[in-house]
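Take a look at the letters that make up each chain.
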Amino acid sequence: MPPRPLNIIGELINNSYARARTAFTERNPAAYAHLAKLQADLGVQYLTLNLDGTARISVRMEEMLELLPGVIRSIQAATDRPISFDNPSVEYHKVALRHYDRAKSGQPILNSVAASRTHLDELIRLVKDYDTKVVVMASEHFVPGGSAQCLNPQDAYAAAKHFVDRLVTEADRTNDQIIIDPGLAPVGADTYGLVNIGLDAMRMISTDPHLKGVHLIVGLSNFAWGTPKGVRELLECAYLTLGMEVGLDFALANPEKSPAPLPADHSMVAKLREALAAGRPLESESQETAGYRQAEAIMAICAEAAPAD
């Protein structure tokens, strides 16, 4: 079966980016409208709206909730692209969805529900009450007393099944309104095999008849974080090729970098495939040993792609 078309959720309205931080600190609606239109003109299918703090800027919840209505109005005045509201807080989503004009932009996305959410039942009710699409963080699963990161594909697959069942039965969602995020680690620092865990989980999810129709998403900018600029975009696009082979059809990404899969026979796809294969433990071998072998292979790709002095 051919891969499904790739949907890009433009990520530039996020305080990780300098232009978004400036818009936030200046409380500048026109700057948010500009970022929205810029991304729509580049062809994104959705726009993320994340006003949360980062390592570069501290943001209080009260500031976000005060600013949200005006930012939403500015975005919707600039483009008809649906908005993906990205925050762990149920209060953020309550305000965002109350001020979102569905008649202008269609069905929004609530990003995200996860095992670690403190008001999970309320988030699921919001999905139903506002008839949203929903992102599920399958990189976390329930453990006695709380939640934990999924460290094998079976746990991520189980987390996906758990939330699909809940969203279908409690929020009246259909599978095609559910978007599963298995997590994506920076490949340059991935000594635990997390990238392979995500790919394996996507393969399990996309081949389960019970989960037929669900979508799969990753935060693409995480993947090549820390690698040299000269190779970063090629690595991201090569990952898209591998991800789409196992069902990936959404990516949270910077549209200015033209994120798109490379041809299957592209040399970078082959190199990345080999590096990830090196990260799978051999018989009687620890994951740590395999992980460092994978890291060395990624370092070799980066060194080869680096411009000569």
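Residues numbered from 1 in each chain as written. Predicted model: local features only at pLDDT ≥ 70, side-chain atom pairs only at ≥ 80, totals over all residues. Heavy atoms only, no water.

## Topic: the packing of aromatic side chains
Where two aromatic rings form a pair, the distance of their centres and the angle of their planes describe that pair. Scanning the model with the defined rule gives four aromatic pairs in all. Look at Phe 85 and Tyr 100: their rings are 5.7 Å apart centre to centre, the planes differ by 90 degrees, and that puts the pair in the edge-to-face class. You can see Phe 85 sitting in strand 3 (residues 83-86) and its partner Tyr 100 sitting in the loop between helix 4 (90-99) and helix 5 (102-105), a full 15 residues away along the chain. We classify Phe 85 as buried; its relative accessible area is 0%. On the accessibility criterion, Tyr 100 (9% relative accessible area) is buried. Geometrically, the ring pair formed by Phe 223 and Tyr 239 is tilted, given 4.8 Å between the ring centres and 35 degrees between the ring planes. Highlighted residues: Phe 223 in the loop between strand 9 (215-219) and helix 9 (229-245) and Tyr 239 in helix 9, separated in sequence by 16 residues. (Phe/Tyr/Trp six-rings, centres within 6.5 Å; stacked < 30°, edge-to-face > 60°. Helix = DSSP H or I, 4+ residues; strand = E, 2+ residues; numbered from the N terminus. Buried < 20%, exposed > 50% of the residue type's maximum accessible area, 1.4 Å probe, protein only.)

## Focus on the side chain of Gln 76
Summarising the element assignment, Gln 76 is placed in helix 3 (residues 61-78). Here Gln 76 falls in the buried class, since its relative accessible area comes to 8%. Within the structure, the side chain of Gln 76 is placed 2.8 Å from the side chain of Ser 105, a separation counted as a polar contact. If near-sequence neighbours (up to four positions away) are discounted, Gln 76 is found in contact with Ile 83, His 99, Tyr 100, Asp 101, Lys 104 and Ser 105. (Polar contact = N/O pair within 3.5 Å; in protein donor to acceptor, adjacent residues only side chain to side chain. Contact = heavy atoms within 4.5 Å.)

## So, the sheet that holds strand 3
Taken in spatial order, the eight strands close into a barrel running 1-2-3-4-5-8-9-10, and their pairing is parallel. This sheet shows a mean twist of 30 degrees between the axes of neighbouring strands, independent of strand direction. Here four bridges tie strand 1 (residues 7-10) to strand 10 (residues 250-253), and the two strands are oriented parallel to one another. Note on strand 10: the bridge partner recorded for Ile 8 is Ala 251. Helix 7 (residues 153-170) contacts strand 4 (109-113), strand 5 (133-137) and strand 8 (178-181) of the sheet and is inclined by roughly 160 degrees relative to strand 8. (Pairing = 2+ DSSP bridges. Axes fitted to C-alpha atoms, helices over the stretch in contact; angles between N-to-C directions.)

## Some details on the packing of helix 6 (residues 120-129) against helix 7
One can describe the packing of helix 6 onto helix 7 by two numbers: an axis separation of 10 Å at closest approach and a directional angle of 55 degrees. With respect to helix 7, the axis of helix 6 lies oblique. When you trace helix 6 past helix 7, the crossing you get is right-handed. For the pair helix 6 and helix 7, contact is made by Leu 120, Asp 121, Ile 124, Val 127 and Lys 128 and by Phe 163, Arg 166, Leu 167 and Glu 170, respectively. (Parallel < 35°, antiparallel > 145°, perpendicular 65-115°, else oblique. Left-handed = near helix turned anticlockwise from the far one by under 90°.)

## Looking at the nonpolar core
Ranked by size, the top nonpolar core spans 84 residues in total, and within it Leu 49, Ile 180 and Tyr 239 carry the most contacts. When residues of this core are assigned to their parent elements, the largest contribution, eight residues, is made by helix 9. Not counting residues up to four positions away in its chain, the partners in contact with Tyr 239 are Leu 184, Val 195, Leu 199, Met 202, Val 218, Leu 220, Phe 223, Leu 248 and Leu 272. Listed in part, the eight residues of the second largest apolar core include Tyr 46, Ile 179, Ile 217 and Leu 252. (Core = buried A, V, L, I, M, F, W, Y, C linked by side-chain atoms within 4.5 Å.)

## Observations concerning the pairing of strand 2 (residues 46-49)
Residues of strand 2 alternate between two faces, with Tyr 46 and Thr 48 on one and Leu 47 and Leu 49 on the opposite face, all of them buried. In this structure, strand 1 lies alongside strand 2, joined through two bridges in parallel fashion. Pairing of Gly 10 across the sheet is with Leu 47, part of strand 2. Bridge analysis of strand 2 against strand 3 gives three bridges, and the strand direction is parallel. Of the residues in strand 3, the one forming a bridge with Thr 48 is Ser 84.

## Thoughts on the pattern of salt bridges
Oppositely charged side chains can pair when the atoms bearing their charge come close. For the structure shown, the criterion picks out 20 salt bridges. A salt bridge links Glu 91 to Lys 94, with the nearest nitrogen and oxygen atoms 3.4 Å apart. Taken as a pair, Glu 91 and Lys 94 lie in helix 4 at a separation of three residues, close to a single helical turn. Assessed through its relative accessible area of 37%, Glu 91 is described here as partly exposed. (Salt bridge = Lys/Arg side-chain N within 4 Å of Asp/Glu carboxyl O.)

## Overview of helix 3
Across its 18 residues, helix 3 extends 25 Å between first and last C-alpha, which sits within 8% of the 26 Å expected from 1.5 Å per residue. The largest bend along helix 3 measures about 40 degrees and falls at Leu 68, with the proline Pro 69 one to four residues further on. Glu 63, Met 64, Leu 67, Leu 68, Pro 69, Val 71, Ile 72, Ser 74, Ile 75 and Gln 76 are the residues of helix 3 that are buried. Tucked inside the fold, the buried residues of helix 3 contact helix 1 (18-26), helix 2 (29-41), strand 2, strand 3, helix 4 and helix 5. (Expected span 1.5 Å × (residues − 1). Bend = angle between axes of the 7 residues up to and from the residue.)

Take it as geometry only, folks, not as evidence of what the structure does.
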